Structure formats: structure tokens, C-alpha cells
Amino acid sequence: MARLRLEGQIEKSRKNKVIEYYNKVARRYENRFPTEFIGRREMRVFSQMLPSEPIKALDFGCGTGRSTGVLLRANYTLTGYDPSPEMLAMAKSAYPQFERNVEWFNSKNDLAGKQWPLITCIGVMDYFPDAAMLIRELCNYLMPGGTLIFSCPNSLSPLGRIFQVLSRFTCQVYPKSEYTLCAILRAMGFSINEVRYAFPETRGIGHTLFISATLLHE
Ligand SMILES: C[S@@+](CC[C@H](N)C(=O)[O-])C[C@H]1O[C@@H](n2cnc3c(N)ncnc32)[C@H](O)[C@@H]1O
């Protein structure tokens, strides 16, 4: 019991550190090097993985709205959630032309009891030492038969490992491999639709790993 409480406190403090970091960098997040350079390549791959029929989606950890923008431009109806108020403030002002297609939430209370046929979660798994913890949480918001698309730094890529070392100076990231993530997803009742890489797009060695998986009906 005491151990569980301690683990909960460690997890809360880790999450708060990440939010504090993103509050600090929000204004320059999209324009700084190498985020902007790698980000453009990541968004290209992400846009190619979206289901062809636009539907409702939850962009979990939407940040300044970079991934949300890809979905809005593809005619999705969107809910954007991010725990960093500063990142979310940037997202809210970024898409006045799509105002009617998107709602923005800063609190998980606003997501409670709702489910979406598509959840996108780009650049959030990076900060989770335990991938299963985030996937379990996302399952609360995913309809049976729904699809999850997420990204993570690739632990089998030298660039992913360099990112891990450099992140010690900002906010620690935890790269993971396609094999570990797919095994966790399958054990949780998902079937894997597609695995892609970005920067470079070469299978297995790209810095960023993207996975699309569908939650099978029970
Ligand atoms: C690398 S940014 C990515 C933002 C956006 N998805 C994009 O593609 O530009 C990571 C975002 O995840 C958010 N985040 C961090 N921890 C989170 C958590 N536990 N749950 C949801 N979002 C989280 C941060 O506030 C930040 O905005």
C-alpha cells in the first residue's frame, strides 16, 4: 500500500515537471530547432496514417495544436486536450478558421465518460517510462473498435538515443522500440494496423516511431 502511494507520488511529480517544462517553452515550441525541422517530417508521416474517412477525434496532448492542425485540415471534428495551460493557450489562438470544428480542454474532468473513434497522441509517450500506463489511460477514452495513433522516440535509432541523452538537460524522455510497444498493444487487445518511422522514414532506424492500432471488440 505504502509502495503504491509512493509510486503514485513519483508519477505525479514526473508529470508536473513535464507540464512545467512545456509551460516554459510554449511560446517558442514550434519555431525552435530541431523541433521545427523534425516536426515537419513527423507531421508528414502522421498525416499519411489518418483513416481516409474523417471522423471525430481526440488529440490527447495536443500542445500548441501542431498535430491538431493536421487533423483539422483533413476535416476532422476535434477535441484537443493538453495539461499545460500555456501550450493550450497557443493552440486555442492558432485556428480561428476552424473554431466550429474544435473544442479545447485543459482538464481531464472534461474528458471523463466520453469516448472517441480515433485518438491521436503525438509526442506524449516520450515522457512515460511505462508505456502501458499511458495506453491504459487512453483506452478509457477509446470506443471499442476505435483506432489509436501515437508516436514515440525509437530506442533502436541512434538519433532516438541521442535525444534521450540530451533530454536530461531539459525534460527526460524514454525511447521505446516497435517490438515492445506492439507486444504491449496486442496484450491489451489491439490489432496493429501500421508501423511507420520519421526522420528518416527508413524502417527501424527513424528517430520517431509511429504506431496505428485498433482496439478489438470484446
Ligand atoms: C512534444 S509535445 C507534442 C504536442 C503536439 N501533440 C504536437 O504534435 O506538437 C508533448 C505535449 O504532451 C503534453 N503532455 C505531457 N504529459 C502529458 C500527459 N501525462 N498527458 C497528456 N499530455 C501530456 C505536454 O503538455 C505537451 O504539450
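This report concerns the structure included in the present document. Everything numeric in this text was worked out from a predicted model, so none of it was measured.

## As for the site of the ligand
Then, number 1: The local shell around the ligand holds 18 residues, among which G61, G63, R66, S84 and G123 are the closest.
Then, number 2: Looking at the shell around the ligand, the elements that each hand over two or more residues are helix 1 (2–25) and helix 3 (66–73).
Then, number 3: Among the elements that take part in the shell around the ligand, helix 1 stands out by supplying 4 residues, more than any other.
Then, number 4: Looking at the shell around the ligand residue by residue, the classes come out as 10 nonpolar, 5 polar and 3 charged.

## As for helix 3
Then, number 1: Where burial is concerned, most of helix 3 is hidden: 6 out of the 8 residues are buried.
Then, number 2: The complete set of buried residues in helix 3 reads R66, S67, T68, G69, L71 and L72.
Then, number 3: Residues of helix 3 that are buried in the fold lie against helix 2 (35–49), strand 1 (56–60), strand 2 (77–81), helix 4 (85–94), strand 3 (102–105) and strand 4 (116–121).
Then, number 4: Looking one or two residues past helix 3, N75 carries a phi angle of roughly 75 degrees, positive in sign.

## Remarks on the sheet that holds strand 2
Then, number 1: The strand order across the open sheet formed by 7 strands is 3-2-1-4-5-7-6, and the pairing between neighbours is mixed. At either end of the open sheet lies a strand with only one pairing partner, and these are strand 3 and strand 6 (190–198). Averaged over all neighbouring strand pairs, the angle between strand axes comes to 15 degrees, with direction disregarded.
Then, number 2: Pairing of strand 1 with strand 2, which is carried by 5 bridges, proceeds in the parallel orientation.

## Structural notes on the pairing of strand 5 (residues 142–153)
Then, number 1: Most of strand 5 is tucked away, with 9 of its 12 residues classed as buried.
Then, number 2: Between the parallel pair strand 4 and strand 5, the chain is carried across by helix 5 (residues 131–139), and the sense of this crossover is right-handed.
Then, number 3: Pairing analysis gives 7 bridges linking strand 5 to strand 7 (residues 208–215), with the strands arranged antiparallel. Across the sheet, residue P153 finds its bridge partner in strand 7, namely T208.

## Quick word on the packing of helix 2 against helix 3
Then, number 1: Closest axis-to-axis distance for the helix 2/helix 3 pair is 10 Å, and the angle between their directions is 40 degrees. With respect to helix 3, the axis of helix 2 lies oblique. Pair helix 2 / helix 3 crosses with right-handed handedness. Residues G39, M43, F46 and S47 of helix 2 lie in contact with helix 3, whose contacting residues are R66, S67 and V70.
Then, number 2: When grouped by side-chain class, the residues that make up the contact of helix 2 with helix 3 number 3 nonpolar, 3 polar and 1 charged.

## Quick notes on the nonpolar core
A general feature of soluble globular proteins is that nonpolar side chains tend to end up buried together.
Then, number 1: The biggest cluster of nonpolar side chains holds 45 residues, and the ones touching the most others in it are A57, I119, C121, L138 and F150.
Then, number 2: Discounting chain neighbours no more than four positions away, the residues touching C121 are F60, G61, L138 and F150.

## Notes on the environment of M90
Then, number 1: Relative to the elements of secondary structure, M90 occurs in helix 4.
Then, number 2: C-alpha of M90 to C-alpha of A26: the two residues are 64 residues apart in sequence and 7.3 Å apart in space.
Then, number 3: The contacts of M90, once residues within four sequence positions are left out, are A26, T64 and G65.

## A short note on the packing of helix 5 against helix 7 (residues 178–187)
Then, number 1: Remark: helix 5 packs on helix 7, axes separated minimally by 10 Å, with the N-to-C direction vectors making an angle of 40 degrees. Looking at the two axes, helix 5 sits oblique to helix 7. Crossing handedness for the pair helix 5 and helix 7: right-handed. Judged by residue contacts, A131, A132 and I135 of helix 5 engage T180, L181, I184 and L185 from helix 7.

Conventions we followed
- Residues numbered from 1 in each chain as written.
- Predicted model: local features only at pLDDT ≥ 70, side-chain atom pairs only at ≥ 80, totals over all residues.
- Near = placed C-beta within 6 Å.
- Helix = DSSP H or I, 4+ residues; strand = E, 2+ residues; numbered from the N terminus.
- Nonpolar A, V, L, I, M, F, W, Y, C, P; charged D, E, K, R; others polar.
- Buried ≥ 20, exposed ≤ 12 C-beta atoms within 10 Å, placed from the backbone.
- Contact = placed C-beta atoms within 7 Å.
- Pairing = 2+ DSSP bridges.
- Axes fitted to C-alpha atoms, helices over the stretch in contact; angles between N-to-C directions.
- Right-handed = clockwise from strand over helix to strand, strands pointing away.
- Parallel < 35°, antiparallel > 145°, perpendicular 65-115°, else oblique.
- Left-handed = near helix turned anticlockwise from the far one by under 90°.
- Core = buried A, V, L, I, M, F, W, Y, C linked by C-beta atoms within 7 Å.

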